[in-house]
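Architecture and fold: a report
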Amino acid sequence: MLPEAASSYAPAVDRVFWVIFGLSAFFFLLIVAFLVYFVLRYRNNREVLPAFESVHLEIAWTVIPFVLVIGIFYLGWKAFVIQRAVPEQAFELQVNARQWLWEFRTPDGQVSVNRVVIPADTPVKVILSSSDVIHSFYVPAFRMKMDAVPGRYTYAWFEAKPGTYTVLCAEYCGAAHSRMLATLEVVPKEEYEKRKQPSAVPAAATSRDPVAWGRELYETKGCNACHSLDGTPGVGPSLKGLFGHEVRLQDGRVVKADENYIRRSILDPTADVVEGFNPVMPPFAGLLSEEEINALIAFIKSLQ
Amino acid sequence: MAMHEHHGLASFYEEGGNSLRSWLLTLDHKRIGILYLVSILAMFFLAGILALLIRTELLTPGKTIMDAEAYNRIFTLHGALMIFTVIIPAIPATLGNFLLPIMLGAKDVAFPRLNLASWYFYMAGTVLMMLTLLGGAVDTGWTFYAPYSILTRNAVVVVLLGAFLLGMSSIFTGLNFIVTVHRLRAPGLTWGRLPLFIWALYATSIIQVLATPVVGITLLLVGLERILGIGIFNPAMGGDPVLFQHFFWFYSHPAVYIMILPAMGVMSEVITVHARRPIFGYWAIAASSLAIAAISFLVWGHHMFVSGMSELAGAIFSFLTFFVAIPTAIKVFSWTMTLYRGQIRLRTPMLYALNFILLFTIGGLTGLFLGALSTDVHLHDTYFVVAHFHYTMMGGVLTGFLAGLFHWWPKMTGRLYSERWGQIGAVLYFLGFNLTYIPQFIMGSQGMPRRYWDYLPEFQGLHVLSTIGSYVLAVGLFVSLGVILHSLWKGRKSPANPWGGLTLEWQTSSPPPLHNFHGPVKVEHGPYAYDRVQAKEEVEEVTA
Ligand SMILES: [Cu+2]
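One numbering rule holds for all chains: residues counted from 1, following each sequence as written. All chains are assigned letters beginning with A, and all ligands numbers beginning with 1, in the order in which they are written. Given that the model is predicted, a residue must reach a pLDDT of at least 70 before its local features are reported, and side-chain atom pairs must reach 80 or more before they are shown or counted; all residues, however, enter totals for whole chains, interfaces and linings. Excluded from the side-chain calculation are hydrogens and water; included are all heavy atoms of the structure.

Quick look at the domain arrangement of chain A
Residue and element names in this part refer to chain A.
- For chain A, the assigned domains read domain 1 (10–84), domain 2 (91–204) and domain 3 (208–301).
- Here domain 2 and domain 3 have C-alpha centroids that lie 24 Å from each other.
- Taken together, the contact between domain 2 and domain 3 spans 14 residues of the former and 13 residues of the latter.
- Buried area: the accessible area, evaluated with a 1.4 Å probe, that two parts lose upon being put together, summed over both parts. Taking both partners together, domain 2 and domain 3 bury about 1,200 Å²; carbon and sulfur atoms supply 65% of that area.
- A carboxyl oxygen of Asp or Glu within 4 Å of a side-chain nitrogen of Lys or Arg is what we treat as a salt bridge. Where domain 2 packs against domain 3, one counts zero salt bridges.
- Nitrogen and oxygen atoms within 3.5 Å of one another constitute a polar contact, given that in protein one can donate a hydrogen and the other can accept it, and given that sequence-neighbouring residues count only through two side-chain atoms. The tally of links from domain 2 across to domain 3 stands at zero residue pairs in polar contact (both at pLDDT 80 or more).
- Only DSSP runs of H or I reaching four residues or more are called helices, and only runs of E reaching two or more are called strands; each is numbered from the N terminus. Going through the elements one at a time, β2 (101–105) and β3 (111–113) are the ones with two or more residues in the side of domain 2 that touches domain 3.
- Element by element, the count of residues in the side of domain 2 that touches domain 3 is highest for β3, at three residues.
- Gly counts as polar in this scheme, as do all residues outside two lists: the nonpolar Ala, Val, Leu, Ile, Met, Phe, Trp, Tyr, Cys and Pro, and the charged Asp, Glu, Lys and Arg. Residue classes in the side of domain 2 that touches domain 3 are distributed as seven nonpolar, three polar and four charged. The split into domains, and so the bounds of each, comes from an automatic or database assignment of domains. Contact definition: two residues touch when any of their heavy atoms are within 4.5 Å.

A closer look at the interface of chain B and chain A
- Residue-level contacts link 86 residues of chain B with 80 residues of chain A.
- For the pairing of chain B and chain A, the buried interface totals around 7,300 Å² over both sides, and the portion due to carbon and sulfur atoms is 69%.
- If you look at where chain B meets chain A, you find 23 residue pairs in polar contact (both at pLDDT 80 or more).
- For the side of chain B that touches chain A, the elements supplying multiple residues, two or more each, are α4 (68–104), α6 (148–151), α9 (241–275), α11 (311–338), α12 (348–371), α13 (373–379) and α15 (419–446) of chain B.
- Ranked by residue count, the leading element in the side of chain B that touches chain A is α11 of chain B, at 14 residues.
- Per-class residue counts for the side of chain B that touches chain A are 46 nonpolar, 24 polar and 16 charged.

Quick notes on helix α10 (residues 282–295) of chain B
Residues and elements named next belong to chain B.
- What a helix should span is 1.5 Å times the count of its residues minus one. Relative to the 20 Å expected for 14 residues at 1.5 Å per residue, α10 spans 20 Å between its end C-alpha atoms, a close match to the ideal helical length.
- Relative accessibility decides the category of a residue: with a 1.4 Å probe and only protein chains considered, values under 20% of the type maximum give buried, values over 50% give exposed, and everything between is partly exposed. Every buried residue of α10 is accounted for by Tyr282, Ile285, Ala286, Ser288, Ser289, Ile292, Ala293 and Ile295.
- Turning to α10, the residues buried within the fold contact α8 (196–228), α9 and α11.

Remarks on the coordination of the copper ion
Residue and element names in this part refer to chain A.
- Taken together, the protein donors to the copper ion comprise His135 (ND1), Cys169 (SG) and Cys173 (SG), at separations of 2.1 to 2.2 Å.
- With water omitted from the atoms examined, metal sites may look incomplete; donors here are N, O and S atoms no farther than 2.8 Å from the metal, or 3.2 Å in the case of Na, K and Ca. Along the chain, the residues donating to the copper ion are arranged with the sequence spacing H-x33-C-x3-C. With respect to class, Cys169 is no different from Cys173; both count as buried.

Re empty space enclosed by the protein
Residue and element names in this part refer to chain B.
- Space inside and on the surface of the protein is sampled on a 1 Å grid over the protein atoms alone, with a cavity defined as a set of points where a 1.4 Å probe fits but cannot get out and a pocket as an open set with protein on both sides within 12 Å along at least 5 of 7 lines; lining residues have an atom within 4 Å of a point. Grid points are joined across faces, edges and corners, and a volume is the space filled by probe spheres set on the points. Throughout the structure, instances matching the rule amount to six cavities of 30 Å³ or more.
- Each pocket or cavity is described by its volume, and for the largest cavity that value is around 1,200 Å³.
- In this structure, the largest cavity is lined by 47 residues; those nearest its centre are Tyr257, Gly364, Gly367, His388 and Thr392.
- Of the residues assigned to the lining of the largest cavity, the class counts are 28 nonpolar, 14 polar and five charged.

A closer look at the environment of Ser252 of chain B
All names here are of chain B.
- Here Ser252 lies in helix α9.
- Judged by its relative accessible area of 2%, Ser252 is buried.
- C-alpha of Ser252 to C-alpha of Val214: the two residues are 38 residues apart in sequence and 9.5 Å apart in space.

Laid out in C-alpha cells, this is it:
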C-alpha cells in the first residue's frame with residue numbers, strides 16, 4: 001500500500017498508518033460479522049421477539065472508541081513532532097514554486113530547475129516559497145508534504161537514503177498542475193562534494209552535442225510541462241516546426257522565429273506573447289546559463 | 001393514532017390540478033418537495049455524467065479524451081454541482097420538505113412562501129453555475145482556493161454568486177424546519193416521540209443557519225477582491241491566502257455534516273421499519289446528532305495541516321477531530337444492534353441501508369488516517385482523500401438518499417416499483433462503488449495526488465480498475481432510475497402503509513391529500529414501538 005520509505009522518519013509515519021489500519025480493519029470486520037449474522041438469522045422472521053436494551057453496551061461502545069481515538073491522536077502527534085522538528089545545522093534547500101515548475105537553490109549558490117542534487121544522510125531543511133498561487137511540495141517516498149504559499153515562507157525537512165525521488169505538486173495550481181514534477185537526486189556525501197566542483201559541468205557541457213543536451217534541458221527545466229514536441233498545443237504552443245516560421249503575436253505583430261526571438265521568448269516571455277495563448281510562461285532569465293540557452297535553441301531548431 | 005379509514009379526500013396531485021401554474025406557484029410543501037426532487041435528480045444526472053468523463057479521461061496517462069484545461073473545468077463543475085446543487089439539498093429539500101410536516105402531523109411547514117422562495121433561489125443558483133459552462137467554465141476546483149481563484153481568468157464570480165444563492169436557499173429551508181419542529185407538532189408528539197429523521201433534520205438546520213452565512217460572505221469577498229481589487233486573500237495585494245482557507249472550511253467542514261446528518265436520519269427510519277424493531281438507543285442517536293452539529297464547528301483546521309498553520313493549532317484541530325468519531329461510531333453501532341431480534345425484510349430500501357452502513361463505516365474509519373497528523377501529511381490532497389470523501393458523501397449521503405427515496409417513493413407517488421429490479425440496482429451500486437473507490441485508496445497511499453490530469457504510468461492499472469468500477473456504478477444507478485420511472489407508468493397502486501411503519505406519514509393515504517391527513521391527528525406512542533404496536537405490512541412479498 002505504501003511507497004518505499006526513504007526518509008529517516010518515514011518508518012515512524014508508516015507505523016502509525018498500520019496501527020490505524022489494523023484497528024479500522026478490526027472494527028470494520030466486527031460490524032460486517034454482526035450485520036451478516038443478524039441479516040441471515042432474522043431475515044423474514046415473523047415473530048416479535050422481546051425488547052433488548054443495554055446501557056452497558058452503550059457505555060462500552062462509547063468509552064472504548066473514545067480511548068482508542070485518543071490513542072490514535074497521540075501516535076499521530078508523536079510522529080508529527082518528528083516530521084516538524086528540523087535538526088540544527090541542516091542543509092538548507094530553497095525551493096520556489098511557480099506555475100508550473102520548481103526552482104531550487106542550494107547553500108553553495110547552485111540554481112536549478114526541476115532537478116536538484118542533494119547529499120544523503122544529511123538533514124535537509126526545505127524552505128518553500130511561491131511566486132504565484134499555492135503549490136504543495138510532496139515527496140511520497142519521504143512522507144513529506146508542505147504547501148508553498150505566496151507571500152510567506154513555509155518549511156519542511158527530511159533526511160534521505162541515496163536514490164532518485166519524484167517531487168509532485170499536491171495543491172491544485174492550474175493547467176499544468178499534473179506536470180509539475182521534479183526530481184531529487186540524493187547522492188552519498190562524498191559524491192555530492194565531488195559534483196559540487198563547479199569546473200565539471202561547463203567543461204562537459206561545451207563538448208556535448210547541443211541538440212541532445214537541449215532535449216535533456218527541455219525535460220529537466222520543465223519546458224515539457226507546457227510545450228509538446230508533436231505539434232499539439234498545450235498550455236503553450238508546440239515547439240515542433242517553430243524555428244524559421246512566422247509567429248502571430250497577441251498585439252497583432254507577425255515576427256519570424258529566429259534565434260533572437262526564441263532567446264527572448266525564453267528569457268522574457270511576456271515581451272512577445274503568442275496569439276491564442278495566455279502569458280503564463282515563467283521568465284527563465286537567471287535560471288539558464290548562456291550555454292544552456294544555446295543548447296535549447298539548437299534543440300528547437302532541430303524540431304522541423 | 002391509526003386512521004386506516006380514508007374519507008375519500010383526493011390526493012394532493014389531484015386536488016391542485018396539474019397546470020404549470022399549480023406547480024410553479026404552489027405553496028404545498030409536498031409539491032415543493034417534488035419540484036426539488038426533479039431538479040436535484042436532473043443535476044445529479046448531469047454531475048454524474050461529468051464524473052464519467054473524468055474517469056474516462058483517466059484511463060490513460062496524458063490525454064485520453066480531453067486536454068488538461070477541459071479536465072480541470074470538468075472536475076470543478078462536477079464537484080461544485082454535486083456539493084452545492086445535489087448533496088447539500090438532496091435529503092432536506094426533497095424528502096425533508098415532503099415528509100417533515102407529515103411526520104410532525106402538520107398541514108405544512110411554518111413558512112410556505114419562504115419554502116417556495118428557497119426553490120427559486122435554488123434554481124437561480126443552479127442556472128448561474130450552469131451558465132458558466134457557456135462562458136468557458138471555471139477551473140478553480142470547488143474549493144475556490146485563493147489566490148488561484150483570484151488570478152485565474154474565468155467566470156469565477158458567476159459561480160460564486162451561484163453558490164451564494166444556493167446558500168441562501170439552504171438557509172431558508174433550515175429556518176423553516178427549525179420553526180416548524182418547534183411550533184407545529186401534533187398533540188402528543190413530544191420531543192421524545194419525534195422520529196429520528198426529524199431530530200437529524202433539526203440538527204442539520206441549526207448548522208445550516210449558523211454556518212452558511214460565513215461561506216456566503218467569504219465567497220462574496222473573493223468576488224469583491226476580483227472585481228474591485230481589494231487585497232483580502234491575495235498576498236500580492238497584502239492579503240492572506242490561508243485566511244481564505246480558514247473562512248472556507250469554517251463553513252465547509254460543518255457542511256459535510258449538513259450533508260450527512262439527514263442521511264443518518266433516513267437510516268434510522270428505514271432500518272426500524274424494515275427490521276420491524278424499536279431503534280436501539282433512541283436518545284443516544286438523537287443526542288449524537290446534536291453533538292456532531294456542535295463539534296463540527298471546531299474541527300475545520302483538519303483540512304489545513306500542511307498549509308503552514310502552526311503545529312499547535314494542528315494538534316488542537318486533530319484532537320478535536322477525533323471527537324466527531326465517537327457520536328458517529330455510536331450511530332453505526334446502534335443501527336447494527338437494531339437488527340438484533342428484528343423481523344428483517346431485505347427490500348430495496350433496506351439493501352441501500354445496509355450499503356450505507358458498510359460504505360459509510362469505511363468512509364468514517366478512513367477518516368482516522370486523515371485526522372491523525374503524521375499520516376495526513378502523507379495522504380493530504382491525494383486520491384486517499386478523494387476516496388474517503390466519496391465513501392462519506394456518496395457512500396453515505398447519496399446512498400442514504402436512495403434508501404429514503406425507495407422507502408418513501410410509494411408514499412410520495414402512490415406507486416410501487418419493481419422490487420426485484422430495485423434490488424438488482426442496489427447490488428450493482430454496491431459492487432461498482434467499491435470497485436471505483438478501493439483502488440483510489442491504494443493509489444492515494446502510494447502517493448497519487450488528486451486533481452491530476454496526467455499521472456505516472458505505474459498508476460494506470462489502478463486507474464483502469466477505478467474507471468471500470470465507475471461504469472458499473474453508473475449502470476446500477478441507471479437501473480435504479482429506470483425502476484422508479486417505470487413505476488410511474490406501470491407500477492401497482494401503493495396502499496397507505498406498504499411496509500408496516502409506525503410514524504405518522506404511514507397513517508395517511510399514498511399519496512397524501514392536500515392537508516396531509518384525513519382527520520385530526522393524535523400521537524399516542526413513540527415512532528418505533530414495534531414491540532408493542534403492530535402495523536400490518538400491506539405489501540408482503542419479499543423477493544430477496
Ligand atoms: Cu502546483
